[in-house]
Amino acid sequence: MDVKIENSWKNVLADEFEKDYFVNLTKFVKQEYRQKKVYPHPKNIFQAFDLCPFDNVEVVILGQDPYHGPNQAHGLAFSVRSGIQNPPSLVNIFKEIAGDLGVSAKNTGDLSSWAEQGVLLLNATLTVVASQAGSHQHKGWEEFTDQVIQKLSDNKEYLVFLLWGAYAQSKAILIDPNRHLILEAPHPSPLSAHRGFFGSHHFSQTNDYLIKHGKEPINWTK
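Per chain, residue numbering runs from 1 following the sequence as it is written. At least 70 in pLDDT is required for a residue's local features to be given in this predicted model, at least 80 for side-chain atom pairs to be given and counted, and no such filter applies to totals for whole chains, interfaces and linings, which use all residues. Processing note: side-chain calculations cover all non-hydrogen atoms of the structure and skip hydrogens and water entirely.

**Quick word on the overall build of the protein**
Then, number 1: Numbered from the N terminus, helices here are DSSP runs of H or I no shorter than four residues, and strands are runs of E no shorter than two. Broken down by element type, the protein carries 9 helices and 6 strands.
Then, number 2: Computed over C-alpha atoms, the radius of gyration of the protein comes to 17 Å, within 12% of the 17 Å expected from 2.2 N^0.38 for 222 residues, which places it in the range of a compact globule.
Then, number 3: Structurally, the protein occupies a C-alpha span of about 45 × 35 × 25 Å along its principal axes.
Then, number 4: Only protein chains enter the accessibility calculation, which uses a 1.4 Å probe. A residue is then buried if its area is under 20% of the maximum for its type, exposed if over 50%, and partly exposed in between. Counting over 222 residues, the protein shows a buried share of 56%.
Then, number 5: Here the contacts in the protein between residues at least 6 apart in sequence split such that 65% fall between residues at least 24 apart.
Then, number 6: As displayed, the protein offers around 10200 Å² of accessible surface, 47% of which is attributable to carbon and sulfur atoms. Here the radius of gyration uses the C-alpha set of atoms, whereas the globule reference equals 2.2 Å times the residue count to the power 0.38. Note on contacts: a residue pair is in contact if any heavy atoms of the two residues lie within 4.5 Å. Per-residue and other accessible areas follow the Shrake-Rupley method at a 1.4 Å probe size, with only the shown protein chains counted as cover for residues.

What follows is the structure in C-alpha cells.
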C-alpha cells in the first residue's frame, strides 16, 4: 500500500502498511472522510512524521486523540495552528515550560518548530470525527502507533519519552528503559495538571539528558 508519509518512516513502517489491520483502517478512515467532518485535514494525518523523520527523533510526546474542534487539529499532538486559541492543556504545558526553565512561553500554539528539532508529537489515534472525542479509537490507529513507539525503542538510543496521564503511561511497556529515558507525570489538562504536572521539570530534565548523551537540547520557546 502506498501511504503518503515521509520516506524514512515509510521504510521503517513498510511491513505495517501491508497488514490486514492497516488495510482495514485505511478503508474505514477514507469512508469516514467521505461521509463526515473528520479532523485533521487528510494531508495532515501524518504531519508529525513528515516534520520529524525517523533519524531525527530525539523526544516523543504522546497524546491520545486529535483535537475535535474546528481549525484545531493539524497532525501534531497538543499543537494548534497560529491564530487559534491555545487549548487548556497547551496553556498548562507553556506554564510548566515557563516555570521549569524561567523563560517566557511561546507566543503561538503551533509546535511545528519542536517537531523540526526532533520532537515527535504523536497522538495514539490520528483522526477524529468533529465534536466526537475518541470516535476513531479502537479502529487500528493504536496498533499502528504502538508499532511506531516499539520501533523507536528498538532501533534508536537515548530518546526521551514524555508520558503524561494514565493513557500515555500505559505505553511505557513498549519502551526499553535501559536504552531511553521515560518521564511520567499527570496529564496537563486543567483537571489533573495540579496533581504533579506542574513542577515535574520534564523540559529541563529532557534537555539535561540530551546534553549528557551528546545531543542538542530542544529550544522549547522557539
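**Comments concerning the sheet that holds strand β2 (residues 59-63)**
Then, number 1: Here we have 4 strands laid out as an open sheet, ordered β3-β2-β5-β6, and parallel in their pairing. Because the sheet does not close on itself, it has two edges, and the strands there are β3 (119-123) and β6 (181-185). Within this sheet the neighbouring strands show an average axis-to-axis angle of 20°, counted without direction.
Then, number 2: Of the strand pairs in this sheet, β2 and strand β5 (residues 160-164) are connected by 4 bridges, and their pairing is parallel. When the bridges of β5 are listed, I61 appears paired with L162. When DSSP finds at least two bridges between two strands, those strands are taken to pair. Angles run from 0 to 180 degrees between N-to-C directions of axes, and those axes are lines fitted to C-alpha atoms, restricted for helices to the stretch in contact.

**Regarding the packing of aromatic side chains**
Then, number 1: The aromatic pairing rule takes the rings of Phe, Tyr and Trp, using the six-membered ring of Trp, and pairs them if the centres are within 6.5 Å, calling planes under 30 degrees apart stacked, those over 60 edge-to-face and the rest tilted. This model, assessed by the stated rule, comprises 20 aromatic pairs.
Then, number 2: Measuring from ring centre to ring centre gives 4.9 Å for W9 and F49, while their planes differ by 85°; the resulting arrangement is edge-to-face. In this pair, W9 is assigned in helix α1 (residues 7-12) and F49 in helix α4 (residues 47-51), connecting sequence segments 40 residues apart. Accessibility assignment for this pair places W9 and F49 in one class, buried.
Then, number 3: Geometrically, the ring pair formed by F49 and F144 is tilted, given 6.1 Å between the ring centres and 55° between the ring planes. Here F49, found in helix α4, pairs with F144, found in helix α7 (residues 141-155); they are 95 residues apart in sequence, far enough to count as distant. The pair F49 / F144 is uniform in exposure class, with both members buried.
Then, number 4: It is K156 that lies over the ring of F54; its NZ or CZ is 5.4 Å from the centre. The rule for a charge over a ring is simple: NZ of Lys or CZ of Arg within 6 Å of the ring centre, and within 35 degrees of the ring normal.

**Focus on α7**
Then, number 1: Here α7 is 15 residues long and its end C-alpha atoms lie 21 Å apart, about the 21 Å a rise of 1.5 Å per residue gives.
Then, number 2: Three or more residues of α7 are buried, namely W141, E142, F144, T145, V148, I149, K151, L152 and S153. Multiplying one less than the number of residues by 1.5 Å gives the expected span of a helix.

**A closer look at the side chain of S192**
Then, number 1: Positionally, S192 belongs in the loop between β6 and α9 (202-212).
Then, number 2: Ignoring anything within four residues of it in the chain, the contact list for S192 reads P186 and H187.

**Section: the environment of H74**
Then, number 1: With respect to the secondary-structure elements, H74 resides in the loop between β2 and α5 (88-101).
Then, number 2: For the pair H74 and S89, spaced 15 residues apart in sequence, the C-alpha separation works out to 16 Å.
Then, number 3: Apart from residues no more than four positions distant in its own chain, H74 is found in contact with P40, N44, Q47, S79, V80, R81, D110 and S112.

**Side note on the pairing of β2**
Then, number 1: Most of β2 is tucked away, with 5 of its 5 residues classed as buried.
Then, number 2: Of the two faces of β2, the one carrying V59, I61 and G63 and the one carrying V60 and L62 are both buried.
Then, number 3: Looking at chain direction, β2 and β3 are connected through 5 bridges and run parallel. Paired with I61 across the strands is L121, a residue of β3.

**Let's talk about the pattern of salt bridges**
Then, number 1: For this analysis, a salt bridge means a side-chain nitrogen from Lys or Arg found within 4 Å of a carboxyl oxygen belonging to Asp or Glu. In this structure the tally under the stated criterion is 5 salt bridges.
Then, number 2: Where E58 meets K215, a salt bridge forms, and the shortest distance between an N and an O atom there is 2.6 Å. One end of the pair, E58, is in the loop between α4 and β2; the other, K215, is in the segment after α9, with 157 residues separating them in the sequence.
Then, number 3: Here D146 makes a salt bridge to K171, at a shortest N to O gap of 2.7 Å. Separated by 25 residues along the polypeptide, D146 in helix α7 and K171 in the loop between α8 (166-169) and β6 bring together distant segments of the chain.

**Focus on the packing of α5 against α9**
A pair of packed helices is captured by two measures, namely the crossing angle of their axes and the spacing between those axes.
Then, number 1: Axis separation between α5 and α9 bottoms out at 8 Å; the angle between their running directions is 60°. Relative to α9, the element α5 lies oblique. The segment α5 lies against α9, with I93, E96, I97, D100 and L101 engaging H202, F203 and S204.
Then, number 2: Gly is put with the polar residues, along with every residue not named as nonpolar or charged; the nonpolar set is Ala, Val, Leu, Ile, Met, Phe, Trp, Tyr, Cys and Pro, and the charged set is Asp, Glu, Lys and Arg. For the contact of α5 with α9, the per-class residue count stands at 4 nonpolar, 2 polar and 2 charged. Any angle that is under 35 degrees is reported as roughly parallel, and any over 145 degrees as roughly antiparallel; angles of 65 to 115 degrees are reported as roughly perpendicular and all others as oblique.

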